[in-house]
Amino acid sequence: MEKTFVLVKPDGVQRGLIGEVISRLERRGLRLVAARFQPVSHNMAERLYAVHQGKPFYDGLLDYIKSGPVMAMVWEGPHAIAAVRQTMGATRPIEADPGSLRHDFSLEVGRNLTHASDSIDTARKEIDLWFSSEDLVDWSRDLDPWIFEQ
Ligand code: DAT
Ligand code: MG
């Protein structure tokens with residue numbers, strides 16, 4: 001089953017939106033695999049955003065992600081990576097589709113509430129960075145056959 005890494009960033013935590021994010025992913029049909037509420041070290045921030053090193057917004061991005069605790073999660077389901085990114089909405093909130101989290105709850109790219117992996121390769125790396133294999137819960141729900149075709 002495809003897995004993806006999701007963060008409720010510090011703004012989402014401070015604004016009391018952890019439940020809203022989880023609720024929307026549950027409602028979508030995705031299955032929670034792991035979750036941990038934690039602060040973000042400088043090292044973790046650098047590794048999460050390594051691809052953005054050198055960009056003009058990099059320092060601000062690191063300050064933002066380290067500015068308070070985050071809710072780190074792994075979710076799974078068919079097309080989980082694309083489904084979660086769709087539920088989150090486009091990076092820039094003013095370009096996010098109505099009904100997406102970023103559209104419904106944010107305005108600025110530097111306060112866009114959530115992070116989600118953008119490819120199978122990134123998902124694998126991000127899950128390994130934040131969780132150990134024992135943290136990942138292998139389980140099923142009675143409703144799964146009504147949500148997952150296979
Ligand atoms: P996403 O978070 O949608 O995967 P990304 O990986 O391109 O987007 O960028 C990571 C984060 O960096 C993004 O959530 C907010 C910030 N960011 C990206 N582009 C930016 C820009 N042009 N100005 C300011 N912040 C930016
Ligand atoms: Mg990204």
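Residues numbered from 1 in each chain as written. Chains lettered and ligands numbered in written order. Predicted model: local features only at pLDDT ≥ 70, side-chain atom pairs only at ≥ 80, totals over all residues. Heavy atoms only, no water.

### Concerning the site of ligand 1
Moving on, step 1. Close to ligand 1 lie Lys9, Tyr49, His52, Phe57, Leu61, Arg85, Thr91, Arg92, Arg102, Val109 and Asn112.
Moving on, step 2. The contact in question runs from an oxygen atom of ligand 1 to an N or O atom on the side chain of Asn112, over 2.8 Å.
Moving on, step 3. Alone, ligand 1 offers 510 Å² of accessible surface; in the complex the protein occludes 78% of this. (Near = heavy atom within 4 Å. Polar contact = N/O pair within 3.5 Å; in protein donor to acceptor, adjacent residues only side chain to side chain. Areas by Shrake-Rupley, 256 points an atom, 1.4 Å probe, with all protein chains shown as cover.)

### Notes on the side chain of Asp11
Moving on, step 1. Within the secondary structure, Asp11 sits in helix 1 (residues 10-14).
Moving on, step 2. Of the side chains bearing the opposite charge, Arg15 lies closest to the buried Asp11, which forms no salt bridge; the N-O distance is 5.2 Å.
Moving on, step 3. At a separation of 2.8 Å, a polar atom in the side chain of Asp11 contacts the side chain of Tyr64.
Moving on, step 4. Ignoring sequence-local partners within four residues, the contact set of Asp11 consists of Tyr64, Arg111, Asn112 and Leu113. (Helix = DSSP H or I, 4+ residues; strand = E, 2+ residues; numbered from the N terminus. Buried < 20%, exposed > 50% of the residue type's maximum accessible area, 1.4 Å probe, protein only. Lys, Arg positive; Asp, Glu negative; His and termini not counted. Salt bridge = Lys/Arg side-chain N within 4 Å of Asp/Glu carboxyl O. Contact = heavy atoms within 4.5 Å.)

### What to know about the pairing of strand 3 (residues 70-76)
Moving on, step 1. When you tally the buried positions in strand 3, you get seven out of seven residues, the bulk of the element.
Moving on, step 2. Both strand 2 (residues 31-38) and strand 3 contribute to a ladder of seven bridges, which runs antiparallel. When the sheet's bridge partners are listed, Phe37 is paired in strand 3 with Met71. (Pairing = 2+ DSSP bridges.)

### Side note on the sheet that holds strand 1 (residues 3-8)
Moving on, step 1. Strands sit in the order 2-3-1-4 across an open sheet of four strands; the sheet is antiparallel. On the outer flanks of this sheet lie strand 2 and strand 4 (114-116), each paired with one strand and no other. Shown here is a sheet whose adjacent strand axes are inclined to one another by a mean of 15°, direction ignored.
Moving on, step 2. On the sheet, helix 2 (residues 18-28) packs against strand 1, strand 2, strand 3 and strand 4 and is oriented at approximately 5° with respect to strand 3.
Moving on, step 3. Running at roughly 25° to strand 1, helix 5 (residues 80-88) makes contact with strand 1, strand 3 and strand 4 of the sheet. (Axes fitted to C-alpha atoms, helices over the stretch in contact; angles between N-to-C directions.)

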